[in-house]
Amino acid sequence: MRKLILASAAVLLLTIDGDAKKIKFDYSVVNVPEEGDINFERITDDADCVLYTVGSSKRVFGKKKSSGVDWWVNPQIALSPDGQKIAYINYKNGTQNIMVKSAKSGGASVQRTFRTAVEDFTWSPDGSTLCFTEVRNGHHGIYLVNAEQGSVVKQISSGNDNDYGGVMSADGNNIFFHRGEGMSSYSIWSYDRTSNLFSNYSRGMTPVIIPGKPNEIYCARFTEQKESEIWRINFETGVEEIILSQPGRSFTTPQLSPDGQWLLLTGSSISEKDKTMNTDIFVIRTDGTNLTQLTYHPGNDMSAVWSPDGRSIFFLSQRGSASKVFNVWKMPFNL
């Protein structure tokens, strides 16, 4: 594994803007002292043009404010079930498409969608299919494409709805997703591929299927303050449990660890030095205990996913690039 070393130059640069002093961070730094001796490995390069979605015009999940969500919460990278390939969204020549490459650093990428505006995606548990969201004619819809070859796309959503964040069940028969019903108002739905029926369950977004429990999911939910919380919902019993809520902060994009013990999250983090807010990677036990911040870089870290063995985490980050662009990075997990 290639080890990337903290740059020897000073981390913080002080500049003068009129009478005000501003602290600027050198984004080319790979890790910061708060991250200790974590070995971060970069998987993509700037030339891969990984899609940038923080604080941009693509922000649709809430009004921009200090404690609200100011990032695209849907999953934007995915790892193949065997852990050998990583997929990301490439933005180039005015189009957004899914690219697949080796999960090891370096190497070429292969384009797997040939669309215009892919916005999020997940990999099916059997490794055969990519389930993605695309904007067409002003509406967001769920589509399927073969993960290995061909360009035939199957449309799941109707042309009049706004659906996001599709995830497929282990047998491939059901697709869970969330549907937009107005600004910051989203509900969980599923589509049964055998009966062609849609079902509506509960308020929430970015559903996470729990293996062996077909009637339960984890998801994120907005509060009235446009902050995001993490919930566990049982469709059969109607029991809804709040896993994580902190007033003044937001947590999104939950991902369940392979052993079912942890949730991986994107969360808002406040710098102790200059009090600015960005996104970092967190984990929390599924019983709501042991919330732990894993990254502290002043650049944005987000959209994290587990390796199949649960020992590594892949995520998007602005670290290691002077131009502040995003790349896919890998870090160990050993809590």
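Residues numbered from 1 in each chain as written. Predicted model: local features only at pLDDT ≥ 70, side-chain atom pairs only at ≥ 80, totals over all residues. Heavy atoms only, no water.

A word on the pairing of strand β26 (residues 327-332). With five of its six residues buried, β26 lies for the most part within the structure. As paired strands, strand β3 (residues 41-42) and β26 are joined by two bridges and run antiparallel to one another. Looking at the pairing, Arg 42 lines up with Trp 329 of β26. In this structure, strand β25 (residues 312-317) lies alongside β26, joined through six bridges in antiparallel fashion. Within β26, the residue paired with Ile 313 across the bridge is Met 331. (Buried < 20%, exposed > 50% of the residue type's maximum accessible area, 1.4 Å probe, protein only. Helix = DSSP H or I, 4+ residues; strand = E, 2+ residues; numbered from the N terminus. Pairing = 2+ DSSP bridges.)

Time to look at the sheet that holds β3. Strand pairing in a sheet relies on backbone hydrogen bonds, with the paired strands running either antiparallel or parallel. Strand order in this open sheet of four strands is β3-β26-β25-β24, and the pairing throughout is antiparallel. Every other strand in the sheet has two partners, leaving β3 and β24 (301-306) as the edge strands with one partner each.

So, on to the confidence of the model for the protein. When the pLDDT values of the protein are averaged, the result is 87; 86% of them are 70 or greater. In the model, residues 1-22 has pLDDT below 50 throughout and makes 38 contacts with residues more than four positions away in sequence or in other chains. pLDDT under 50 marks residues 56-65. Its contacts with residues more than four places away, or in other chains, come to 29 contacts. (pLDDT = per-residue confidence, 0-100. Contact = heavy atoms within 4.5 Å.)

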